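Each chain, written out:
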Amino acid sequence: MYYSVLFPTEESSRLPRQKTAPESFRDLNIDKIMKPVVQENPELQLEEFFYTPLADPAVIKYRQEVMKELMEPEKRFAIESMVGQITFLRMFMDGLRMKLTTDGKFTGKYLDMGHLLENAALFSNVVAGLAESVKRMELHSEGLQQFAVYMGEYSASSKFKEMQEWAAKLRANFDKLRYCLYIKENLVRVAPYEGQEDYADRVGELFARFRQGDVMDYRRKLKEEPLSEGLENKILEMLAHYHPAEFKDLTAFCQEYLHFDDDTLMRFAREIQFYFHWLDFLEPLRQAGLPFCFPVIHEKLDDVKALDCFDLALAMDKADKIVTNSFTLTAPEQILIVSGPNQGG
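Cut-offs and rules
- Residues numbered from 1 in each chain as written.
- Predicted model: local features only at pLDDT ≥ 70, side-chain atom pairs only at ≥ 80, totals over all residues.
- Heavy atoms only, no water.
- Helix = DSSP H or I, 4+ residues; strand = E, 2+ residues; numbered from the N terminus.
- Rg over C-alpha atoms; globule rule 2.2 N^0.38 Å.
- Buried < 20%, exposed > 50% of the residue type's maximum accessible area, 1.4 Å probe, protein only.
- Salt bridge = Lys/Arg side-chain N within 4 Å of Asp/Glu carboxyl O.
- Core = buried A, V, L, I, M, F, W, Y, C linked by side-chain atoms within 4.5 Å.
- 1 Å grid on protein atoms, 1.4 Å probe; cavity = no way out; pocket = protein on both sides within 12 Å on 5 of 7 lines; lining within 4 Å.
- Points joined across faces, edges and corners; volume = space filled by probe spheres on them.
- Nonpolar A, V, L, I, M, F, W, Y, C, P; charged D, E, K, R; others polar.
- Expected span 1.5 Å × (residues − 1).
- Bend = angle between axes of the 7 residues up to and from the residue.
- Phe/Tyr/Trp six-rings, centres within 6.5 Å; stacked < 30°, edge-to-face > 60°.
- Lys NZ or Arg CZ within 6 Å of the ring centre and 35° of its normal.

(A) Seen up close, the overall build of the chain. Helix and strand content of the chain: 14 helices and four strands. In summary, the chain has a C-alpha radius of gyration of 28 Å against a globular reference of 20 Å for 345 residues, an excess of more than 25%. Each principal axis of the C-alpha distribution contributes one length, and for the chain these read about 90 × 55 × 40 Å. Among the 345 residues that make up the chain, the fraction classed as buried is 36%.

(B) Seen up close, the pattern of salt bridges. Here the structure, examined in full by the defined rule, presents 17 salt bridges. Of the charged contacts, one joins E237 and K234 as a salt bridge, the two residues approaching to 3.9 Å between their closest N and O atoms. Linking E237 with K234, this pair stays in helix α11 (residues 229–242), spanning three residues, or about one helical turn. When its relative accessible area of 33% is taken as the criterion, E237 is described as partly exposed. Overlapping salt bridges, with partners in common, bring together R17, K19, E48 and R270 in one network.

(C) Main features of the nonpolar core. In terms of nonpolar packing, the biggest core is built from 83 residues, with F123 and F253 touching the most fellow members. The greatest single-element share of this core, amounting to twelve residues, is contributed by helix α13 (residues 263–287).

(D) Main features of the layout of surface pockets. The volume enclosed by the second largest pocket comes to roughly 450 Å³. For the second largest pocket, the lining is made up of 17 residues, of which G114, F174, L236, L239 and F247 are closest to its centre. Of all the secondary-structure elements, those providing two or more residues to the lining of the second largest pocket are α7 (110–136), α9 (158–175), α11 and α12 (244–256). The class makeup of the residues in the lining of the second largest pocket is eleven nonpolar, two polar and four charged.

(E) Layout of unusual backbone geometry. Following A331, the chain continues to P332 via a peptide bond in cis, the omega torsion being 10°. Mapped onto the secondary structure, P332 falls in the segment after β4 (325–329). Even without being a glycine, Q45 presents a positive backbone phi close to 50°. Even without a glycine there, the phi angle at E185 is positive, about 55°. Note that E185 resides in the loop between β1 (179–184) and β2 (187–192).

(F) Focus on helix α6 (residues 73–101). For α6, built from 29 residues, the straight-helix expectation of 42 Å at 1.5 Å per residue is met to within 8% by its first-to-last C-alpha distance of 42 Å. Taken as a whole, α6 carries its principal kink of about 25° at M93.

(G) A look at the packing of aromatic side chains. For the coordinates displayed, the defined rule picks out 18 aromatic pairs. Among the aromatic residues, those joined into a ring-pair cluster are Y2, F147, Y150, Y154, F160 and F268. Between the NZ or CZ atom of R63 and the centre of the ring of F7, over which it lies, the distance is 4.8 Å. R63 extends its terminal NZ or CZ atom over the ring of F274, reaching a point 5.2 Å from the ring centre.

(H) Quick peek at the environment of T9. Mapping T9 onto the fold places it in the segment before α1 (10–13). Accessibility expressed as a relative area gives 35% for T9, which makes it partly exposed. T9 sits 50 residues away from V59 along the chain, and the two C-alpha atoms are 8.9 Å apart.

The structure is reproduced here in structure tokens:
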């Protein structure tokens, strides 16, 4: 059963991880390499994946296979675009759930419940899209193959389908609601819609006669969504008085799907960033013409060979001036001495 895109089994995923950088990182300048990688999105807390050494060759091979596939632009773009939305949802929902459960009841929190409904609907669309995308891909790595199977099963499950259909039904019902909003000075009143004329159309028709071709759009885009939670919640409370069935159904939905996000999918959305962050770090160096490869891992040390290798920390600042070096250690040789003023290039 699929569990992780970084570990082939759940057991290997649960082994202890190192939360802080090993002391050797500073001695070898690896801390300089890791700093921009792990600080790009600190909220993801990816440090533990970069700081924890891997002793199992099977885990290393598992990751190498996934990395090779994500180097294909089409596959990466399809997965990354969906995962970005899932990551945003996860962070937004953490705060929203806290607001909804602060006092242990949902009463009068219609605005937050509306946000939960919208996010659940968005999550449903993202899941369906991601499942379809990975289904069409020709995947070769075990990590992504198993993820594609999981997504197919999850998106077809009765639990997911029920949430998806309920959310769609709720949104359709709310789209049908019509009401009147009367605003006079600091007084706001809600009344049922009884066929009153839409003055927006009449105003548009009145000013249409003065239109002289296309003109510059002087409207300004607001940096933040205009929001007054207290006022909007009061309006929704008054609206719930006229449409109790719809708001009762919304409350029931939020109580049922407060934790609509799937743990396995959320884990994937975080862990896949390990690969994206490292590939993004390497890209400028690749563009500068520096070579990279996937090393072959042997459990027993025989001969060791490296062609055109270089100091990665030094390349971060001087990629266009790097001189590569090659070396071979033939058993029983185990020690290599690097001389020179710049650590060999």
